[in-house]
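Coordinates in review
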Amino acid sequence: MLNFDVLIIGGGVTGCSIAYHLAKSGCTRVALLEKGYLTSGATGRCGAGFRQQWGTRTNCLLAKHAVAKLEQLAEELDYPGGVEIKQEGYLILAYTPKMEAQFKKNLALQKSLGIGARWVTPREAREIVPFLNTGGLLGATFYEKDGHANPFKVTDAYARAARRLGVEIHTYTPVQDIRLDGGIKTVVTPAGDFRAPVLVDAAGGHAAGIGRLVGLDLPVQAERHQILVTEPVEPALGPMVMCFYHNIYCQQSPHGSFIMGLGDPNEPRGYNTGSSWQFLMQMAEKAVRLLPVLKNARVVRQWAGVYDMSPDRQPVLGEVPELPGFYVAAGFSGHGFMIAPMTGQLMAECILGKPTSLPIDMFSLSRFSTGELFIEPSVV
Amino acid sequence: MADQIIICRCEDVTKEEIQKLIADGAHTLDEIKRLTRCGMGPCQGRTCQPLIAREVAAATGQKMAEIKLPTFRPPVIPLKLGALAGGGEKDA
């Protein structure tokens, strides 16, 4: 029997950030259980971008504070070499009057929250990305403080800092069962039983599976998203170019490779992480049409990961009302990496019974029974 | 100087960097790949993965055959986006 104050299930960026923030607040009897290696799920397969251009107040605030933390992360966590932050903006393209109207509404909201994104004309968009095909483009929104960070390094930085503070991280330790004995949760693994009064489900696409072990029906489903990367070339593309119309995104990493992905509205739900040639062809066609210079870039690898989708594309955060001591941080719907620095802080505050730095009540699981959903309009 | 030997030619990763990570607890090729980019370049690990597997085996006492290789992902060779997007045969 291994006894702790808090157990965290899931060694992605969210779990590691929660572990670090708990330990930093003095709660160091924490164990994190991960069935593979750290970042082996959604974190290590994501598009590695971060943006503050959102369509709901909560996401704007979460993202804004998370980016401020990311900017200081290497220093805060004493991570030599840094986490490969690049801030050259997100350029989000509008092709229909409806999109333009929504984006302008988003801009007003962002401005009111201190996020300095602005509307740019197609001509201005070409000044930002000189080889952008502006055919059919009505305009775009741009914020230069959005950008890229390396998910492996961000997670590693949190994990190392957490370990230094006393957190135990057990990789290759799958959860086989969870038993509830009064207030104590016992997590059964091949490495033995772990016990604690507090359990955090941060298992990403597997979060609902963990919930089922305690009889909880979490409305979080896995959905495959595919992605590819090219060989590295000289810096050519500053911002992330994102287009909800074609459902694609493309960014050049500081390392020089182009990372791009697309959302397929017909993708069935499920934990499939296979790659398809259909994706490769579609992605190539859309990327070359939008950024013709990419025709000469060579694809070296394609892969897939799962978004942990919730019904309103917003995360579920906090304690489950009917299961005291059982906390959820899942359902990030494709934007878990970029807000993880704040997720960790807010979850730690919530677990330790402190007032949270930002309101998180609207992320409660109970919203799905009371119908208080708040849909994020801006997701690829 | 022997430790400055380049193990991953695509991403310029040295034997010393690999050994340091292994000593630090990264005992699988998957972890080493993600933290160093070893095997993420144009050759997709054809050169470096067996060399890293040997280092892991030496450090942990595992047999080479027991060391799990990272997933091999498509495409098999680097392909130009233009060719995939419907360009001519000569574009590949």
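In this text, all values refer to a predicted model and were calculated from it rather than measured experimentally.

1. Thoughts on the packing of aromatic side chains
Residues and elements named next belong to chain A. Per the counting criterion, the structure on display carries five aromatic pairs over all chains. Aromatic pair Phe-103 and Phe-244: ring centres 5.9 Å apart, planes at 80°, arrangement edge-to-face. Remark: Phe-244 occurs in the loop between β15 (240-243) and β16 (248-252) and Phe-103 occurs in helix α4 (residues 97-112); sequence separation between them is 141 residues. According to the relative accessible area criterion, Phe-103 is buried, its value standing at 5%. Lying across the ring of Trp-54, Arg-51 places its NZ or CZ 3.6 Å from the centre.

2. Quick word on the domain arrangement of chain A
Residue and element names in this part refer to chain A. We note that the domain assignment places domain 1 (2-46 + 151-220 + 312-370) and domain 2 (86-145 + 221-307) within chain A. Counting from both sides, the interface comprises eleven residues of domain 1 and, opposite them, eleven residues of domain 2. Taken together, both faces of the contact between domain 1 and domain 2 bury some 830 Å²; the carbon and sulfur share is 59%. On the domain 1 side of the interface with domain 2, the three residues burying the most area are Arg-45, Gly-205 and Val-220, jointly 50% of the side's total. Counting across the domain 1 and domain 2 interface gives three residue pairs in polar contact (both at pLDDT 80 or more). Each residue belonging to the side of domain 1 that touches domain 2 can be placed in one class, and the counts come to five nonpolar, five polar and one charged.

3. Considerations on the pattern of salt bridges
Here the structure, examined in full by the defined rule, presents 15 salt bridges over all chains. Of the charged contacts, one joins Lys-68 of chain B and Asp-30 of chain B as a salt bridge, the two residues approaching to 3.6 Å between their closest N and O atoms. Residue Lys-68 of chain B is located in the loop between α3 (48-60) and β3 (79-80), and its partner Asp-30 of chain B is located in helix α2 (residues 29-36); the two are separated by 38 residues in the primary sequence. On the accessibility criterion, Asp-30 of chain B (9% relative accessible area) is buried. One continuous salt-bridge network, built from bridges that share partners, spans Asp-156 and Arg-160 of chain A together with Asp-24 of chain B.

4. Details of a negative patch on the surface
Taken together, the side chains of Asp-3, Asp-12, Glu-16 and Glu-17 of chain B present a region of like negative charge at the surface. Note on placement: Glu-17 of chain B falls in helix α1 (residues 15-23).

5. Examining the packing of helix α2 (residues 57-71) of chain A against helix α9 (residues 336-351) of chain A
All names here are of chain A. Relative orientation of the contacting elements α2 and α9 amounts to 95°, with a least axis distance of 7 Å. Considering their axes alone, α2 and α9 lie roughly perpendicular with respect to each other. Residue-level inspection shows Leu-62, Ala-63, His-65, Ala-66, Lys-69 and Leu-70 of α2 in contact with α9, the latter providing Met-338, Ile-339, Pro-341, Met-342, Gln-345 and Leu-346.

6. As for the UniProt feature "domain: SoxA A3" (unreviewed entry) in chain B
UniProt annotation of "domain: SoxA A3" (unreviewed entry) refers to residues 7-86 of chain B when read in the numbering used here. Summarising residues 7-86 of chain B: 42% helix, 8% strand, and an end-to-end C-alpha distance of 36 Å.

7. Topic: the UniProt feature "domain: FAD dependent oxidoreductase" (unreviewed entry) in chain A
The UniProt feature table records "domain: FAD dependent oxidoreductase" (unreviewed entry) at residues 5-349 of chain A. For the annotated span residues 5-349 of chain A, helix accounts for 30% and strand for 27% of the residues, and the straight-line distance between the end C-alpha atoms is 14 Å.

8. Description of the sheet that holds strand β6 (residues 118-120) of chain A
Taken together, nine strands build an open sheet; the order of strands is β6(A)-β7(A)-β5(A)-β15(A)-β16(A)-β17(A)-β14(A)-β18(A)-β3(B) and the sheet is mixed. In the strand order of this sheet, the two ends are held by β6 of chain A together with β3 of chain B, each with one partner. As judged from the two bridges shared by strand β18 (residues 298-309) of chain A and β3 of chain B, these two strands associate in the antiparallel manner. Bridge pairing in β3 of chain B places Arg-298 of chain A opposite Lys-80 of chain B.

Cut-offs used in this document
- Residues numbered from 1 in each chain as written.
- Chains lettered and ligands numbered in written order.
- Predicted model: local features only at pLDDT ≥ 70, side-chain atom pairs only at ≥ 80, totals over all residues.
- Heavy atoms only, no water.
- Phe/Tyr/Trp six-rings, centres within 6.5 Å; stacked < 30°, edge-to-face > 60°.
- Helix = DSSP H or I, 4+ residues; strand = E, 2+ residues; numbered from the N terminus.
- Buried < 20%, exposed > 50% of the residue type's maximum accessible area, 1.4 Å probe, protein only.
- Lys NZ or Arg CZ within 6 Å of the ring centre and 35° of its normal.
- Domains from an automatic or database assignment.
- Contact = heavy atoms within 4.5 Å.
- Buried area = accessible area lost by both parts, 1.4 Å probe.
- Polar contact = N/O pair within 3.5 Å; in protein donor to acceptor, adjacent residues only side chain to side chain.
- Nonpolar A, V, L, I, M, F, W, Y, C, P; charged D, E, K, R; others polar.
- Salt bridge = Lys/Arg side-chain N within 4 Å of Asp/Glu carboxyl O.
- Patch = residues over 30% accessible without salt bridge, like charges linked within 9 Å, V, L, I, M, F, W, Y side chains within 5 Å.
- Areas by Shrake-Rupley, 256 points an atom, 1.4 Å probe, with all protein chains shown as cover.
- Lys, Arg positive; Asp, Glu negative; His and termini not counted.
- Charge placed at Lys NZ, Arg CZ, Asp CG, Glu CD.
- Axes fitted to C-alpha atoms, helices over the stretch in contact; angles between N-to-C directions.
- Parallel < 35°, antiparallel > 145°, perpendicular 65-115°, else oblique.
- UniProt positions renumbered as here; feature names shortened; annotations may be inferred.
- Pairing = 2+ DSSP bridges.

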